[in-house]
Each structure stands twice: as C-alpha cells, then as structure tokens.
Amino acid sequence: MELVCGPHTLAFGDRPLVMGVLNVTPDSFSDGGLFDRRDQALDRARRMAAEGADLIDVGAESTRPGAEPVGLQDELARLLPVIEGIIALDLGVPLSVDTAKPEAADRALSAGAGMINDISGAGEAMLEVAARHGAPVIAMHMRGEPRTMQSAPRYDDVVAEIRDYLAKRVAAGRRFGVDVLVDPGIGFGKTLEHNLDLLANLRELRAVGAPVVLGTSRKSFLDRLLGGVAVEDRLAGTLAVNGWAAALDVVDVLRVHDVREHRQLAESIGVLRRYRRAPAPRRRVLARGIPCRCRIGVTARERSAPQDLVVDVEVNMAPAALGAPDALRETTDYAEIADLAQAVAAGGEYRLIETLAERIAVAVAGPADGQETRKRIESLRVRVSKPGAARELGVAEVGAQIDWRP
Ligand code: HH2
C-alpha cells in the first residue's frame, strides 16, 4: 500500500515506518522546551531525517495528561515557521502536523505538510480539510480531552470499543475520499491495564483494514509497567513494546522520539520478516460419523441398555515438513481412531456425553506407548451426539464436544 503525502509517497513494505516526533512546545512531557526555538526545531528535523525518519510529526500543543489547551493563533505561531523552515531544508521526508484543530491543519498543509495527525479522531471538519488537500489523516482514539482524560477512564471492552470506533473513523474517511490511518491512542484516557490490553491484542485492530500507527514512546505506562523509570530511561521499554508490535505484524507506523534506535529496530524486523518461512503444512485426520453403542445417561434406567451414538473425531497433527513421506506411520490412522472410539464407548458406563467425549480424546491422543505419531498430535476435537434423544426432543442434534490439547 502507498500513501501520497504532498510530493512524497509513503510505501508500506516489510518494516514499520518510523515517524519522528518534533514537539515545538514548551511543555511536552518528554522533550518540552528543547525544540521550541525555530533553529532548534530545524536542527532536530535535520537530525531525525539523517537518522532515518520516514516522516516527521510536528506538533505545537502538548497533549500530556493535564495539559492546558493552546489557542489557534499561538499554535500557528509555533507551527508555521517550523514547517516552512523544514520544507525549505528539502530533507526528502514528508511532514505530518499533529493538531486537533482543522484550521491549524489547513494552514500547515498549505505551508507544505503532507499529512494530518489528529489525536481527537479526525471529525468531519478535519476530514473536509484533508479531502481538500488530498492528504491522509491519522485518526487516534482518545477518551475525553487531555486536561481530564486520565480521571478514571472506563471501558467494558477496551479493545473492541476502540476497534469499532476506529472502524467508524475509517468509514467516515472513505465518505470524504480520505485515506485514514488508525491509532489506538496509548495513554489517552486509559489505565495501565487498558494500555496493556490494547498492546497485547493489537491484532484486533487489523480488522479495521487501515494502516495502524502506534505511539508508545517514553510514555508513563512504561513507568508503571517497569515499577518506576524516569522519562529519560524509557528507551528500552519503548523499544521492547514497539518491537513486540512490529514482530506481530500489527503496526505500520511507529511514532517515536528516538529515531535512530527505532530505524534499527524496524530494519531488523523487516529482514527477519523476509526470512520467515510460510507456516509448515498441517494435517488434519478426520473420522466422522463413527457409530458407537454405549450405556450412557444420567439415570440408571437410561444406562440399563446400550444406546446408539454418533462420534466425530478430528485430529490436528503438529506441523510437518513439506514433502513428508507418504506413509501411514507419519500420521494418525483413521481406522484406529474409529476402533478406539467404539471400544471406549462399549467398554464403559457414563452419565455424561462430555465424559465419554473426553475419554475418547484421551484414548486417541495417548498414551504414546512408543507410537511416534501419537506424540505429534497437536490438538483434537471429539463430538458425541445422541440421535435417539434428539428425536425424542424433536431437535436436530443433541450432543457435546470437547477441544483438547494433549
Ligand atoms: N501521542 C502523543 C502526541 N500525539 N499522536 C498519535 N497519533 N499517537 C500518539 O500516541 C500520540 C500522538 C503524546 O506524545 P508527545 O507528542 O511526545 O507528547 P506531548 O503531547 O506532551 O507533546
């Protein structure tokens, strides 16, 4: 996939892209006051480009918890000279503007920025600006606003709620003809547990069908996660979390302060991805509709005579090398599965069909007794149904199923 950002094109390939953070603010949580003079900001941009930033995100309003909002004129006064200055440097790197104000985005795009990064989720006014400039937008999730967002945020299911919210933002973008990238907004109206749940389950965001941006850099959840690390000591934690997301193939853009280290991370992940082999083929052996007879039922009367049952067994073998020998000893024998199921059913008396299903699973999976194939069973499923009981109840099927991993 490619995104056009003004005169630049961002191509998503084997590695995540690195977005360098440039805060031209006096009060950002990790670098406030370091780059708020124009010359400092330009030096910083030059350095990030040299260190391998794929794009540079220029922001003029701190969004740290409790931050005071900045007025439009003040924001523009900070942003525009820096954007114009960086464009004049012709670094070959697209700029995004980190703002929640459509007017500020409009002016920044006119000054040469190629993308919008909106922590407030890119509402219609922002999408209209993006559409007019033909610019992509990052829609980030935030609960509330920076001043108040950390006061007891609550979600029923943080991952599902944010996924659904971001999907709506992508759909809204589509109505405006705008490419939307999505960002779960780590630290924006989320507790430590919410952040960890999101990071551990980032794969869910892939369902949204848009490039995923992640901003974990130096954030305070790392302080809590690691039991107290100052903001200047959070690089290792940031690299670990971003490496996790990159290795899971669930992130396309990493928004970071430490560009050189993250470019190295991204390159390493990219190379490993290219070396990764396709998953080895799996073999599933099926024996379905095995007729069995068994004394089964919760009452003694039900157990007084054998009943007809139907058993289905599915055996998933561990991955095998492609081109494994065409030999029965390499796999599980379906005839043996059928025999085992019938023997277990006929040889015992059970109250519950789940118990019978479990006993059949245990018999099929082991004990290994020197049989190598049994050791290679990765998981299996056994289903037992009672056609007689289903007929009596007038339903299609009654039964029980267990999924089991030896
Ligand atoms: N985080 C911050 C700001 N903008 N944008 C996106 N898309 N995702 C993020 O996670 C994100 C963001 C906060 O970090 P920082 O810019 O370093 O701090 P501050 O807001 O205090 O300037």
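See the structure above.
Conventions we followed
- Residues numbered from 1 in each chain as written.
- Predicted model: local features only at pLDDT ≥ 70, side-chain atom pairs only at ≥ 80, totals over all residues.
- Heavy atoms only, no water.
- Helix = DSSP H or I, 4+ residues; strand = E, 2+ residues; numbered from the N terminus.
- Buried < 20%, exposed > 50% of the residue type's maximum accessible area, 1.4 Å probe, protein only.
- Arc of directions from axis to C-beta.
- Near = heavy atom within 4 Å.
- Polar contact = N/O pair within 3.5 Å; in protein donor to acceptor, adjacent residues only side chain to side chain.
- Areas by Shrake-Rupley, 256 points an atom, 1.4 Å probe, with all protein chains shown as cover.
- 1 Å grid on protein atoms, 1.4 Å probe; cavity = no way out; pocket = protein on both sides within 12 Å on 5 of 7 lines; lining within 4 Å.
- Sits in = over half its atoms within 2 Å of the grid points.
- Pairing = 2+ DSSP bridges.
- Contact = heavy atoms within 4.5 Å.
- Salt bridge = Lys/Arg side-chain N within 4 Å of Asp/Glu carboxyl O.
- Axes fitted to C-alpha atoms, helices over the stretch in contact; angles between N-to-C directions.
- Parallel < 35°, antiparallel > 145°, perpendicular 65-115°, else oblique.
- Left-handed = near helix turned anticlockwise from the far one by under 90°.
- Right-handed = clockwise from strand over helix to strand, strands pointing away.

K.L.:
How would you sum up unusual backbone geometry? Please name residues and give values.
P.N.:
With a phi angle near 60°, Arg218 is a residue other than glycine that sits in the positive phi range. Topologically, Arg218 is positioned in the loop between strand 9 (213-214) and helix 7 (220-225). Among the residues examined, Arg218 registers a relative accessible area of 17% and is labelled buried. A positive phi angle is found at Asp249, which is not glycine, with a value near 60°.

K.L.:
Can you explain helix 3 (residues 102-110)? Please cite residues and give values.
P.N.:
Inspection of helix 3 places Ala104, Ala105, Ala108 and Leu109 among the buried residues, and these make up the whole buried set. Relative to the axis of helix 3, the buried residues are bounded by an arc of 130° and lie together on one face. After helix 3 finishes, the residue Gly112 shows a positive phi value of roughly 125°.

K.L.:
Please provide a residue-by-residue account of the site of the ligand, values included.
P.N.:
In the neighbourhood of the ligand, 18 residues make up the surrounding shell, with Ser28, Thr63, Asp183, Lys219 and His257 lying closest. Measuring from an oxygen atom of the ligand, one finds a side-chain N or O atom of Asn23 at 3.3 Å. Taking 480 Å² as the accessible area of the ligand by itself, protein coverage stands at 98%. One can see that the ligand is located within the largest pocket.

K.L.:
Lay out the sheet that holds strand 15 (residues 399-404) in plain terms, naming residues and giving numbers.
P.N.:
Strand order across the open sheet formed by 5 strands is 13-11-12-14-15, with mixed pairing between neighbours. Each having just a single partner strand, strand 13 (349-350) and strand 15 make up the two edges of the open sheet. Of the strand pairs in this sheet, strand 11 (residues 284-296) and strand 12 (residues 307-317) are connected by 9 bridges, and their pairing is antiparallel. Counted as the bridge partner of Cys294 is Gln307 from strand 12.

K.L.:
Explain the environment of Met1 to me, and be specific about the residues and the numbers.
P.N.:
Among the structural elements, Met1 can be located in the segment before strand 1 (2-5). Accessibility expressed as a relative area gives 56% for Met1, which makes it exposed. Sequence separation between Met1 and Ala11 is 10 residues; the distance between their C-alpha atoms is 6.0 Å. Setting aside anything within four residues of it in sequence, one finds Met1 in contact with Leu10, Ala11, Phe12 and Pro211.

K.L.:
Can you lay out the pattern of salt bridges for me, pointing to particular residues and giving the numbers?
P.N.:
Applying the stated criterion across every chain, the model contains 31 salt bridges. With its nearest N and O atoms 3.2 Å apart, the salt bridge here joins Lys101 to Glu61. Of the two residues, Lys101 sits in the loop between strand 5 (95-98) and helix 3 while Glu61 sits in the loop between strand 4 (55-59) and helix 2 (72-89), which places them 40 residues apart along the sequence. By relative accessible area, which is 17% here, Lys101 ends up buried. Between Arg284 and Glu314 there is a salt bridge; the shortest N-O distance is 3.6 Å. Taken as a pair, Arg284 in strand 11 and Glu314 in strand 12 lie far apart in primary sequence, 30 residues in all. Accessibility expressed as a relative area gives 13% for Glu314, which makes it buried. Put simply, Arg15, Asp54, Arg263 and Glu267 are held in one network by salt bridges that share partners.

K.L.:
Quick rundown of the packing of helix 5 (residues 158-176) against helix 6 (residues 192-200)? Include the residues and the values.
P.N.:
Running from amino to carboxyl end, helix 5 crosses helix 6 at an angle of 65°, the nearest separation of the two axes being 9 Å. Taken together, helix 5 and helix 6 sit at an angle that is classed as roughly perpendicular. Crossing of helix 5 over helix 6 shows right-handed handedness. Between helix 5 and helix 6, the residues in contact are Val158, Val159 and Ile162 and His194, Asp197 and Leu198, respectively.

K.L.:
Give me the pairing of strand 6 (residues 115-118): which residues, what numbers.
P.N.:
Where a strand is regular, its side chains alternate between the two sheet faces. Alternating positions in strand 6 separate into two faces, Met115 and Asn117 on one and Ile116 and Asp118 on the other, with burial throughout. In terms of strand pairing, strand 5 meets strand 6 through 3 bridges, oriented parallel. Bridge pairing links Ser96 to Met115 in strand 6. The parallel pair strand 5 and strand 6, bridged by helix 3, forms a crossover whose chirality is right-handed. With 3 bridges connecting them, strand 6 and strand 7 (residues 137-140) associate as parallel partners. Bridge pairing in strand 7 links Asn117 to Ile138. Read from strand 6 through helix 4 (residues 124-133) to strand 7, the crossover connection turns out right-handed.

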